[in-house]
Amino acid sequence: MDFALTGEQELLRDTLRDFARRELLPGYAARDKDEDLPPALVKKLGELGVLAPMVDAKHGGSGLDYVALGIAHEEIARGDFNAAYVLLLSALVGAIIARSADARQQAVFLPPICRGDLIPALGVTEPSGGSDAAHVKMQARRDGDSYLLTGEKTSISFSSCAGAALVMARTGTLEEGARGVSAFYVDLNSPGVTRTRFRDLGSRAIGRGQLFFDSVRVPAESRVGAEGAGFIQVMQGFDFSRSLIGLMCIGAAQQSVDETCAYVAEREAFGAPLARFEGVSFPLAEAAVRLRAARLLCYEALWLKDRGEPHGWLSAGAKWLAPELSAQVLHQCLLLHGHLGFSLDLPHQQRMRDVIGLEIGDGTAQIMKTLVAREIIGKVARPY
Ligand SMILES: Cc1cc2nc3c(=O)[nH]c(=O)nc-3n(C[C@H](O)[C@H](O)[C@H](O)COP(=O)(O)OP(=O)(O)OC[C@H]3O[C@@H](n4cnc5c(N)ncnc54)[C@H](O)[C@@H]3O)c2cc1C
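About the thresholds
Residues numbered from 1 in each chain as written. Predicted model: local features only at pLDDT ≥ 70, side-chain atom pairs only at ≥ 80, totals over all residues. Heavy atoms only, no water. Patch = residues over 30% accessible without salt bridge, like charges linked within 9 Å, V, L, I, M, F, W, Y side chains within 5 Å. Areas by Shrake-Rupley, 256 points an atom, 1.4 Å probe, with all protein chains shown as cover. Salt bridge = Lys/Arg side-chain N within 4 Å of Asp/Glu carboxyl O. Helix = DSSP H or I, 4+ residues; strand = E, 2+ residues; numbered from the N terminus. 1 Å grid on protein atoms, 1.4 Å probe; cavity = no way out; pocket = protein on both sides within 12 Å on 5 of 7 lines; lining within 4 Å. Points joined across faces, edges and corners; volume = space filled by probe spheres on them. Expected span 1.5 Å × (residues − 1). Contact = heavy atoms within 4.5 Å. Near = heavy atom within 4 Å. Polar contact = N/O pair within 3.5 Å; in protein donor to acceptor, adjacent residues only side chain to side chain. Phe/Tyr/Trp six-rings, centres within 6.5 Å; stacked < 30°, edge-to-face > 60°. Buried < 20%, exposed > 50% of the residue type's maximum accessible area, 1.4 Å probe, protein only. Lys NZ or Arg CZ within 6 Å of the ring centre and 35° of its normal.

Asker: Got a minute to help me understand a nonpolar patch on the surface in this structure?
Answerer: Taken together, the side chains of Trp-313, Ile-376, Ile-377 and Val-380 define a hydrophobic patch exposed on the protein surface, amounting to about 450 Å² of accessible area. With respect to the element layout, Val-380 can be found in the segment after helix 11 (365-377).

Printed below as a string of structure tokens:
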């Protein structure tokens with residue numbers, strides 16, 4: 001067993017940690033408002049080579065492996081949790097296109113994503129539900145050389161500013177379930193698309209909201225993969241992206257643990273540094289060890305992904321464990337700052353609000369545990 005990072009991975013970690021500390025952290029609080037991330041920031045992420053790096057180099061990929069991509073999510077989230085969402089959506093949509101799209105589609109769709117010229121969205125969730133994603137109702141009706149898309153996607157990250165979205169829509173019947181769903185890469189500036197932005201508890205900069213499609217004409221050549229294959233493609237993508245989400249949350253929590261360790265070593269009560277009291281030091285010791293364990297789970301799944309080995313249930317476990325643990329750790333860090341922690345001037349509350357979003361987004365803890373149970377017990381544990 002070898003836990004060492006390669007020289008390349010260490011260099012990436014150090015470079016991104018420095019970037020996050022210098023260029024992201026100072027503006028994180030100011031970006032806690034209902035405004036999109038600055039395009040210059042997104043572009044900078046593209047220049048760092050961390051947007052959809054698995055894509056072929058001729059389309060803009062940078063050749064990072066999945067462990068390195070996990071490092072990137074963790075380090076960027078230390079500075080700004082929401083900047084890491086750009087990495088996440090680019091990786092997820094980029095990987096699906098790289099695997100399932102034809103050569104022409106890859107050449108057109110991928111370079112703007114890798115450069116940070118365009119943030120891609122992923123349109124799965126609908127008003128009737130997100131957990132039961134195989135039963136999306138949005139219609140894609142064939143009309144000559146194109147499809148007409150009609151329906152609503154809701155709770156979509158970057159709905160406010162994404163240039164394009166990989167949208168799941170039904171080309172078959174509802175009875176066909178997952179096998180009746182196809183994927184379309186849709187220009188969100190097309191006629192018939194309208195957007196809204198939610199007022200959210202956290203991650204306000206990702207502009208989560210609705211996408212309405214009113215007979216939106218999408219060329220048939222924008223369908224990614226075969227008809228009826230869209231849902232299955234996305235589910236394969238979620239395997240690794242769940243570990244990336246775990247690492248985003250751990251990065252944010254670890255940053256607060258580091259800041260809180262420094263604070264309790266300085267701040268005094270009863271004539272001694274706070275760190276002298278076990279009621280203060282033990283929660284931080286527990287946080288450090290639990291985060292370390294969750295981090296290992298995430299990286300093990302990504303390491304397996306790099307080796308081409310099954311990792312789905314580990315990633316599902318990471319997606320449940322890491323956001324929940326990180327939210328608890330951030331709450332603890334907030335409390336250890338006393339009254340100051342309750343102020344909007346300190347970042348722990350913002351990180352906690354942001355992390356809670358990914359306890360839900362991309363699948364809840366219950367759905368993740370269902371996936372784990374199915375793996376360790378077998379098909380008999382499938383509730384649906
Ligand atoms: C910050 C954020 C970002 C998001 N970004 C995107 C995005 O970019 N694209 C996108 O398509 N979606 C996105 N979503 C939507 C997200 O994927 C869904 O909210 C999620 O899958 C849950 O679906 P739902 O909200 O409809 O809840 P429901 O499916 O209605 O579930 C409600 C509750 O019931 C529980 N539940 C449901 N079924 C079961 C079951 N069988 N067993 C036990 N419990 C169950 C759930 O765990 C949950 O607690 C995002 C959500 C958030 C919060």
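Asker: Any chance you could explain the layout of surface pockets here in plain terms?
Answerer: Rolled over the atoms, a probe with the dimensions of a water molecule shows which regions are left empty. A volume near 830 Å³ is recorded for the second largest pocket. Forming the walls of the second largest pocket are 24 residues, and the residues nearest its centre are Phe-3, Ala-4, Leu-5, Leu-296 and Tyr-299. Where the lining of the second largest pocket is concerned, the elements lending two or more residues are helix 1 (7-28), helix 3 (66-79) and helix 7 (278-306). In terms of residues, the lining of the second largest pocket owes the most to one element, helix 7, which gives eight residues.

Asker: How should helix 10 (residues 348-360) be read in this particular structure?
Answerer: Residues spaced three or four apart along an α-helix face the same direction, because each turn holds 3.6 residues. Here helix 10 contains 13 residues, and its C-alpha end-to-end distance of 19 Å stays within 8% of the 18 Å for a straight helix at 1.5 Å per residue. In this fold, the buried residues of helix 10 make contact with helix 1, helix 3, helix 4 (81-100), helix 6 (230-266), helix 8 (312-336) and helix 9 (338-341).

Asker: Honestly, the site of the ligand in this entry has me stumped. Any pointers?
Answerer: Around the ligand lies a shell of 20 residues, among which Leu-122, Thr-125, Gly-130, Ser-131 and Thr-364 are the nearest. In this structure, an oxygen atom belonging to the ligand sits 2.9 Å away from a main-chain N or O atom of Val-124. The separation between a nitrogen atom of the ligand and a polar side-chain atom of Ser-157 is 2.8 Å. Mapped onto the shell around the ligand, the elements with two or more residues apiece are strand 3 (146-156), helix 10 and helix 11.

Asker: Would you mind showing me how to read the packing of aromatic side chains here?
Answerer: To describe a pair of aromatic rings, one takes the distance between the centres and the angle between the planes. If you walk through the whole model with that rule in mind, you get six aromatic pairs. Considering the side-chain rings of Tyr-66 and Phe-240, the 4.9 Å spacing of their centres and the 65 degrees angle between planes classify their relative orientation as edge-to-face. Taken together, the residues Tyr-66 in helix 3 and Phe-240 in helix 6 connect sequence positions 174 residues apart. For the pair shown, Tyr-66 and Phe-240 are each scored as buried. Three or more aromatic residues joined by ring pairs form one cluster here, namely Phe-81, Tyr-85 and Phe-158. If you follow Lys-305 out to its NZ or CZ, it ends over the ring of Tyr-66, 5.0 Å from the centre.

Asker: Would you take a moment to explain the pattern of salt bridges for this structure?
Answerer: A side chain of one charge can pair with a side chain of the opposite charge if their charged atoms are brought near each other. Within this structure, the stated rule accounts for 23 salt bridges. Residue Arg-22 pairs with Asp-18 through a salt bridge whose shortest N-O separation is 3.0 Å. In this pair, Arg-22 and Asp-18 both sit in helix 1, four residues apart, roughly one turn of the helix. Between Arg-307 and Glu-309 there is a salt bridge; the shortest N-O distance is 3.1 Å. Connected via shared salt-bridge partners are Arg-17, Glu-75, Arg-78 and Asp-258.

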